[in-house]
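Listed below, chain by chain, are the residues.
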Amino acid sequence: MPETYDVVIAGGAATGSSTAYHLAAEPAFQGRILVVERDLSFARCATTLSAGSIRQQFSTPINIEISLFGVAFIRGLPQTLAVDGEPAELPFHEGGYLFLASPAGAAQLRSNHALQSRLGADTLYLEPAALQERFPWLDCGGIAAGCWGRSGEGWFDGYTLLQAYRRKARSLGVRYREASVIGLELDGGRVVGVRLDDGERVACGAFVNASGASGAAIARLAGLEIPVVNRKRCVFTFDCREDLAGFPLLIDSNGVYVRPEGKGFICGTAPPPERDPDCEDFEVDHGLFEDIVWPSIAARVPAFEAIKPGRAWAGHYDVNLFDHNAIVGPAPEPANFYFANGFSGHGLQQSPAVGRGLSEVIAYGAYRSLDLSPLGFGRLAENRPLLERNVV
Ligand SMILES: Cc1cc2nc3c(=O)[nH]c(=O)nc-3n(C[C@H](O)[C@H](O)[C@H](O)COP(=O)(O)OP(=O)(O)OC[C@H]3O[C@@H](n4cnc5c(N)ncnc54)[C@H](O)[C@@H]3O)c2cc1C
């Protein structure tokens with residue numbers, strides 16, 4: 001007889017472990033939960049390799065509301081994810097994001113800011129003079145405006161968040177098993193079994209696809225197609241001699257970002273399309289730093305003209321080519337197959353709300369707190385993109 005679980009989750013990083021924790025903590029759910037994770041060191045998942053940042057500065061209401069909950073969750077995490085009275089730890093550096101806009105982008109920045117403010121985000125729209133006063137190290141050449149997160153935005157360590165979810169989930173009875181999902185058994189329009197690469201099969205009542213860069217391949221095992229591809233994103237570190245106190249996560253109008261990390265900085269950018277193929281490898285594109293990132297940050301922050309470059313790494317974004325937003329929630333068929341895919345570079349900060357939402361939809365058949373249906377699979381079938389304009 002195969003082992004039987006009410007819910008099997010493929011992928012145990014931020015999304016999978018948040019879902020496992022929220023479901024196990026849900027009073028209306030009394031079932032058994034198994035997380036199948038192919039690499040319990042988590043060395044190559046996006047969660048571990050990410051830039052670990054959270055912002056309210058999105059352009060769609062659903063993404064702003066997801067992040068408002070995300071930051072509240074991070075603030076309350078020590079108590080929420082405490083185990084046996086021992087608080088969880090997740091240092092949160094609330095330095096804010098600073099988005100800069102060229103004259104062509106200023107109107108969009110202003111309308112994003114208006115939406116963010118209406119929804120309760122603490123962001124500040126700044127004209128060049130105010131920008132210069134608040135951030136004296138900034139060269140405002142070619143910049144028409146900026147928007148800064150006065151509170152509720154910042155950075156933390158993704159691996160530490162994942163381990164905090166996981167420790168709490170295990171304390172609530174969630175099982176983790178190191179194996180790869182290689183097949184799904186379907187019967188009567190439902191997923192009834194999950195085949196693993198160790199030769200075993202587990203029976204399941206529901207299946208969650210939280211497998212990051214494997215999201216499209218796992219969906220295909222259930223006969224589902226999602227336009228999600230892997231794109232390499234490189235992160236470069238460096239030290240700077242000057243003390244730039246209060247430096248935020250700065251995103252220039254060309255998309256290049258830089259933020260403090262410990263005593264130094266990290267930076268990166270999305271490569272231009274001709275340099276951004278689908279990828280499986282983790283080789284760092286050092287040319288990107290030389291050709292695009294460093295010239296850009298040195299022009300914007302003259303103190304970065306003399307820096308000491310350090311190590312660099314590459315991770316994979318699971319990019320949803322349809323509209324650069326996550327696909328979350330049940331599939332039309334198999335109806336007990338749940339998506340949590342295509343996060344397109346903002347899945348870490350979305351993991352609290354996505355895990356909570358999936359746990360509600362599995363336990364109650366509907367969202368109860370924040371309605372995540374704008375991110376549902378239905379928008380793809382109906383060709384209704386939910387375009388996010390602030391993609392980093
Ligand atoms: C360089 C970089 C910077 C980023 N910066 C940010 C940021 O600042 N803020 C932010 O919010 N997001 C950021 N992201 C995106 C964010 O990291 C991801 O969206 C998020 O971590 C996704 O979490 P996940 O659990 O869905 O996927 P992952 O972390 O990729 O985890 C998927 C897991 O599934 C497992 N798996 C895969 N296939 C199988 C299988 N067949 N069977 C069993 N297990 C399987 C993998 O081993 C992995 O552990 C960044 C990503 C990168 C790469």
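Residues numbered from 1 in each chain as written. Predicted model: local features only at pLDDT ≥ 70, side-chain atom pairs only at ≥ 80, totals over all residues.

## Focus: the overall build of the protein chain
Within the protein chain, the regular secondary structure consists of ten helices and 18 strands. Relative to the globule expectation of 21 Å for 392 residues, the C-alpha radius of gyration of the protein chain, 21 Å, shows essentially globular dimensions. The C-alpha extent of the protein chain, read off along each of the three principal axes, is 70 × 50 × 40 Å. Every one of the 392 residues in the protein chain was classed for burial, and the buried ones make up 49%. In the protein chain, the share of contacts with a sequence separation of at least 24, taken over all contacts with a separation of at least 6, comes to 75%. (Helix = DSSP H or I, 4+ residues; strand = E, 2+ residues; numbered from the N terminus. Rg over C-alpha atoms; globule rule 2.2 N^0.38 Å. Buried ≥ 20, exposed ≤ 12 C-beta atoms within 10 Å, placed from the backbone. Contact = placed C-beta atoms within 7 Å.)

## Quick notes on the nonpolar core
One finds Val-7, Ile-9, Ile-33 and Phe-207 to be the most contacted residues of the largest nonpolar core, which totals 70 residues. Those residues in contact with Phe-207 that sit more than four places away from it in its chain are Val-8, Leu-184, Val-191, Val-194, Asn-336, Phe-337 and Tyr-338. Core analysis: the next-biggest nonpolar cluster, separate from the first, contains 38 residues, Leu-98, Ile-251, Phe-265 and Ile-292 among them. (Core = buried A, V, L, I, M, F, W, Y, C linked by C-beta atoms within 7 Å.)

## Section: the packing of helix 3 (residues 61-80) against helix 9 (residues 347-364)
Following both chains from N to C, one finds helix 3 and helix 9 inclined at 90°, their axes separated by 8 Å at the closest point. Viewed along their axes, helix 3 and helix 9 adopt a mutual orientation that is roughly perpendicular. Contacts between helix 3 and helix 9 involve Ile-66, Ser-67, Phe-69, Gly-70 and Phe-73 on the former and, on the latter, Gln-349, Gln-350, Pro-352 and Ala-353. Of the residues contributing to the contact of helix 3 with helix 9, the split by class is five nonpolar, four polar and no charged. (Axes fitted to C-alpha atoms, helices over the stretch in contact; angles between N-to-C directions. Parallel < 35°, antiparallel > 145°, perpendicular 65-115°, else oblique. Nonpolar A, V, L, I, M, F, W, Y, C, P; charged D, E, K, R; others polar.)

## Observations regarding the packing of helix 1 (residues 14-25) against helix 6 (residues 158-171)
As a packed pair, helix 1 and helix 6 sit with axes 8 Å apart at the nearest point and diverge in direction by 30°. Our classification of the angle between helix 1 and helix 6 gives roughly parallel. Both helix 1 and helix 6 take part in a crossing whose hand is left-handed. Packed against helix 1, whose contacting residues are Ala-14, Ser-17, Ser-18, Ala-20, Tyr-21 and Ala-24, the element helix 6 presents Gly-158, Leu-161, Leu-162, Tyr-165, Arg-166, Lys-168 and Ala-169 at the interface. Partitioned by chemical class, the residues of the contact of helix 1 with helix 6 number eight nonpolar, three polar and two charged. (Left-handed = near helix turned anticlockwise from the far one by under 90°.)

## Quick notes on the site of the ligand
The environment of the ligand is made up of 40 residues, and the closest members are Gly-11, Ala-13, Gly-212, Gly-315 and Gly-347. Contributions of two or more residues to the shell around the ligand are made by helix 1, strand 2 (33-37), helix 2 (46-49), strand 12 (228-240), strand 16 (307-320) and helix 9. Here the residues of the shell around the ligand sort into 17 nonpolar, 19 polar and four charged. (Near = placed C-beta within 6 Å.)

## Considerations on helix 9
Spanning 18 residues, helix 9 covers 24 Å between terminal C-alpha atoms, matching the ideal 26 Å at 1.5 Å per step. At Ala-353, helix 9 shows its largest bend, some 35°. Of all 18 residues that make up helix 9, 16 are buried, and the element is covered over most of its length. Gly-365 sits one or two positions beyond helix 9 and adopts a positive phi of about 80°. (Expected span 1.5 Å × (residues − 1). Bend = angle between axes of the 7 residues up to and from the residue.)

## Section: the domain arrangement of the protein chain
The domain boundaries assigned to the protein chain delineate domain 1 (3-84 + 157-227 + 322-381) and domain 2 (97-154 + 234-315). Inter-centroid distance (C-alpha atoms) of domain 1 to domain 2 is 29 Å. Listed by partner, the interface residues are 16 residues for domain 1 and 21 residues for domain 2. Of all the secondary structure elements, the ones that give two or more residues to the side of domain 1 that touches domain 2 are helix 2, strand 3 (53-54) and helix 3. (Domains from an automatic or database assignment.)

## Observations concerning the environment of Ala-130
Its location among the elements puts Ala-130 in helix 5 (residues 128-134). Along the chain, Ala-130 and Thr-269 lie 139 residues apart, while their C-alpha atoms are 26 Å from each other.

## Concerning the sheet that holds strand 14 (residues 257-261)
Judged by pairing direction, the sheet is mixed, and its eight strands sit side by side in the order 5-6-4-13-14-15-12-16 without closing on themselves. Edge positions in the open sheet fall to strand 5 (123-126) and strand 16, since each of these has one partner strand only. With strand direction ignored, the average angle separating the axes of adjacent strands in the sheet is 20°. The pairing of strand 13 (residues 249-251) with strand 14 spans two bridges and is classified as antiparallel. Bridged to Leu-250 within strand 14 is Val-258. Docked against the sheet, helix 4 (residues 106-118) engages strand 4 (97-101), strand 5 and strand 6 (145-149), running at close to 25° with respect to strand 6. (Pairing = 2+ DSSP bridges.)

## Topic: helix 4
Across its 13 residues, helix 4 extends 18 Å between first and last C-alpha, which sits within 8% of the 18 Å expected from 1.5 Å per residue. Within helix 4, the full set of buried residues consists of Leu-109, Asn-112, His-113 and Gln-116. Buried residues in helix 4, looked at end-on, bunch into an arc of 100°, giving them a common side. Across from the buried face of helix 4, at angles greater than 90 degrees, the exposed residues are Ala-107, Ser-111, Ala-114 and Arg-118. (Arc of directions from axis to C-beta.)

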